[in-house]
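In case you want the letters, here they are:
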Amino acid sequence: MLDADTVYIPLDRWIQTAIEWIALHFRPAFRTVRWPIDELLNLIEGGLQATPPLLFILIFALLSLWLAGRRTGVFTVVALFVILLLGIWEPTMTTLALIATAIVICVIIGIPIGILCARSDRAWRIVRPILDVMQTTPSFVYLIPVVMLFGVGTVPGAVAVIVVAVPPLIRFTNIGIRGVDRELIEAGIAFGATDRQLLWEIQLPQALPTILGGLNQTVLMAMVMSVIVAMIGAEGLGLVVLQGLGRLDVGRAAIGGIGIVLMAIILDRLTQAVAERDPKKGSPFARLAGAGRMIMGGRGRGADTATSTPADSKN
Amino acid sequence: MTNRIEIRDLYKIFGSHPQEALKLVREGKSKAEILDEASAVLGVNNVSLSIPKGSISVIMGLSGSGKSTLARCVNRILEPDAGQILLDGEDITTCDQSTLREIRRRRMSMVFQNFGLLPNQTVIDNVSFGLKLRKVPQAERYRKAGEMLETVGLSSWGSHLPGELSGGMRQRVGLARALATEADVLIMDEAFSALDPLIRTDMQDELLRLQHSLHKTVLFITHDFQEALRLGSKIAIMADGAVIRDGTPQEIVLDPQHEYVAAFTRNVDRARLFDASSVMTAEPVDHPGGAGFVIDGDGRVTGWRGNESDPPSPDFISVSPDTVLLDIAAKAAGRKGPVAVVDDSGRFQGKITESALLAGIAGTSEPQNKGRAHA
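Draft legend 1. How the structure looks around the overall build of chain B. Broken down by element type, chain B carries 16 helices and 15 strands. Its C-alpha atoms give chain B principal-axis dimensions of roughly 80 × 55 × 35 Å. Put simply, chain B has 375 residues, and 53% of those count as buried. Sequence-distant contacts, at least 24 apart, represent 65% of the contacts inside chain B between residues at least 6 apart. Entry remark: accessible area of chain B is about 16300 Å², with carbon and sulfur atoms responsible for 49%. With 43 positive and 49 negative side-chain charges, chain B shows a spacing of 6 Å between the two charge centroids.

Draft legend 2. Inspection of the interface of chain A and chain B at higher detail. With 27 residues of chain A in contact, the opposing surface of chain B contributes 36 residues. Both faces combined, the contact of chain A with chain B buries some 2800 Å², and carbon together with sulfur accounts for 57% of it. Three residues, Glu183, Ala190 and Phe191 of chain A, lead the burial of chain A against chain B; their summed loss comes to 26% of the area buried on that side. Summed over the shared surface of chain A and chain B, the number is 2 salt bridges.

Draft legend 3. Molecular detail of unusual backbone geometry. Residues and elements named next belong to chain B. Despite not being glycine, Asn46 shows a phi value in the positive range, around 50°. Within the secondary structure, Asn46 is located in strand 2 (residues 41-52). Backbone geometry at His215 places phi at a positive 50°, although glycine is not the residue there. As for its placement among the helices and strands, His215 is situated in the loop between helix 9 (197-214) and strand 8 (217-222). Taking the relative accessible area as the measure of exposure, His215 reaches 47% and is therefore partly exposed.

Draft legend 4. Inspection of the packing of aromatic side chains at higher detail. Counted under the stated rule, the structure contains 10 aromatic pairs over all chains. Ring plane angle 55° and centroid distance 5.4 Å describe the contact between Phe192 of chain B and Phe220 of chain B, whose orientation is recorded as tilted. With Phe192 of chain B in the loop between strand 7 (185-189) and helix 9 and Phe220 of chain B in strand 8, the pair connects residues that are 28 residues apart, well separated along the chain. Accessibility assignment for this pair places Phe192 of chain B and Phe220 of chain B in one class, buried. Among the aromatic side chains, those forming a connected cluster through ring pairs are Phe56, Phe60 and Trp89 of chain A.

Draft legend 5. Fine view of the pattern of salt bridges. All names here are of chain B. Summed over the entire model, instances satisfying the criterion amount to 26 salt bridges over all chains. A salt bridge links Glu182 to Lys144; the shortest N-O distance between them is 2.7 Å. Taken together, the positions of Glu182 in the loop between helix 8 (167-180) and strand 7 and Lys144 in helix 7 (residues 138-151) put the pair 38 residues apart, joining distant regions of the chain. Residue Lys144 is classed as buried on the basis of its relative accessible area, which comes to 11%. Note that Asp298 and Arg300 form a salt bridge whose closest N and O atoms lie 3.4 Å from each other. For Arg300, a relative accessible area of 31% gives the class partly exposed. Here the salt bridges share partners, and the residues they tie into one network are Arg4, Asp88, Glu90, Arg107 and Asp184.

Parameters and conventions
Residues numbered from 1 in each chain as written. Chains lettered and ligands numbered in written order. Predicted model: local features only at pLDDT ≥ 70, side-chain atom pairs only at ≥ 80, totals over all residues. Heavy atoms only, no water. Helix = DSSP H or I, 4+ residues; strand = E, 2+ residues; numbered from the N terminus. Buried < 20%, exposed > 50% of the residue type's maximum accessible area, 1.4 Å probe, protein only. Contact = heavy atoms within 4.5 Å. Areas by Shrake-Rupley, 256 points an atom, 1.4 Å probe, with all protein chains shown as cover. Lys, Arg positive; Asp, Glu negative; His and termini not counted. Charge placed at Lys NZ, Arg CZ, Asp CG, Glu CD. Buried area = accessible area lost by both parts, 1.4 Å probe. Salt bridge = Lys/Arg side-chain N within 4 Å of Asp/Glu carboxyl O. Phe/Tyr/Trp six-rings, centres within 6.5 Å; stacked < 30°, edge-to-face > 60°.

Take a look at the structure:
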C-alpha cells in the first residue's frame, strides 16, 4: 500500500535545492538584471520625491483633464489632495515610482514578446502555457524565489511586480495583432510592405487599442502587487498597511488602504482613457501612437509625425 | 494583342501537405477524393489563362469557385503550389522576396472587396500608402495622391477619415490608392460587390471611364455575370477551381459550351449586348433587281427602293455599326423602311432586315458577324 508518510515525492526539497543552486552560481546574472531596474527606480523615485506635491497635483490634473476629461480631472485633484492631507504623500510617491518602473520594464519585455507570439504559432505554443502558470500561481508564491535570488527591498519588489504584471500585456499584444483585419494585412502585402513595414504601418497601429487595454490590466496588476511586495521589504503604501497590521493600528492600515484605492482608481481611469480614446477625434491616442513610433520606430519615421500638415494633424 | 500576364497550369492547394495532394490531382482524382484522401482543398485546379495588356479581363465565378484564390496567386499573396505566372514574360512564381516586393510596389496593385483602407489614417494618407512603403518623400507622395484623388473625383476629401465616407467613395479611395503607385496591372477582387446596386453601376461607369484614358491591365474578379459582361473584354468563368469557359462576352453568350455557363447566359439581355454589325448582311440588295439600297461611287447610301424600277426614296434609317440592337429597334419602331448600317463617313457597311433584328434580339439565330460587346 502507498503510505503517504513514507513514500512521497520530495519536490519541495528539489525546488529548494534548485533555487539555492541557482542563487549560488548565478548571482552575477541576477545582479545584472537588478541593475537597470535599480537605476530606473532611483531615477523615477528621485524625480517624484523632489517634485513639490502641488506641482505634481497640477501636472496630474492637466494630464487627466487632457486624457480623460473633466470628471476624471476633478477626481484626480480631489484624490491627490486627500492623499497629501492624510500624510501619506511620500509612500504614495514611492509606490508610484515602483509601479512606473515595473510598467516601463513590462512594456519593454511584454510588447516584443507579444509581437513574437502573434507572428509565430510556435512561439505562442511555448509562451502560452508559461503565461497560464504565471497567471494562476498565487502572487504570494513569487515572493520566496525573488527574495532568494534578488534579496529584499524595493528593487526585488519591483522584480516581483514585473513578473506578475507582464502576462496581460503579452496576451493582449498577441490578441491585438492577430485580430487585425485580414484584408488590411493583404493590402499591406499587395502594396509591397516588408515585414517591418507591415508591423509598424498596419499591425501595431491597428492593434494599439487592444494593446493599451492590456496595458491597463498590467497597471492594475502592478498596483495590487506593489502592496503585496511590502512583505519582502518594498517601501511605499504597502508598507504603511503592513506596519498598521503589525501594530494592530487599524487606523494607519486603513489610511494606507485608502491611498492604494485612490491611486488605483486614478491610474485605471487614465490608462483606460488612453485605451478607449476614439481615434477619430484626432487625439492623444494618435499622438501617443506617433510618439511610440518615434521612440521605437527607428529611422526616419520621426519626420513623418513631426512635420504636421493639415492632413497630418487629423491622423 | 500582347499578353501582360500569362498563367500556365496553375495549382493552389489548401492543406498541410499540398505536394501530396498535387500528386493525387495529377492522377486525375476529383476534388472530393482529394479532400477525402489528403484532407486538402483544391483551390485552383490547372488554370491557364492569358491576360491581355491594356484591357479589362474578368474572372467570374460563384463563391468557392476559386476566383479570389486565383487572383491572390497572381500577386503571390497566396503561394501557388505548381505552375507559372508570367508577368511580361518573366516568371514571378520563382522570383525572390525582394524582387516580388518591387513588383508589388511598382507593377501590380490591388483593390479589395471591403476596401482595405486603414481606418485611422486620412484619405490622402491611405491613397499615398503604396508610395510610403516605397519611401517616397511625404510632399511628393501627397502631390501624387492629390492628383489621384482628383482623378476619382474626391479631391476635397483628402483630410477626412475613411469612416466618414460612403461605401462608393471609400472604394474610389481604394481605386486611387491602387492607381497612385502607377502600377500597370490592377487586380480588383470583387471590388464593387460590397456596394449598393446603383452605386455599383456608377463605379462600373467610373472604371470604364478611367480605363478609357489609362489603359491599365485590369484583372477584375466578380460573381456577377452582368458585371462581367459590362466590364470585360474577355471573361473567364470558373467553377470548382478550374476555368470552364473563356472568351469574349459575345463568344460566351453565343456559345456557352457548358450547361453551367448557359445558366448565366440564358438571362442575358441580348438587345443590349449585340450591336448592328452582328446582325447586318453585307449585300445592299436582296437579290438582283430586288429591293435594296442605292449606293453611289463613294460607297455612300443615297436611297432605298422597293425594286429596281422604283425611284430611290430617302426614307430609310441609318445606324452606325456599334449601335446596340435595342437602340436600333427603338429607332425602327413606328417607322417604315429598312435599316442601313453606315460608318462614320456615311459609307454603306450592311443592312439589317426586320427579321434579322428580331432574331438577334431573341437569340434564335446565330448572328452573322461577331460584333463588339455593349453591356
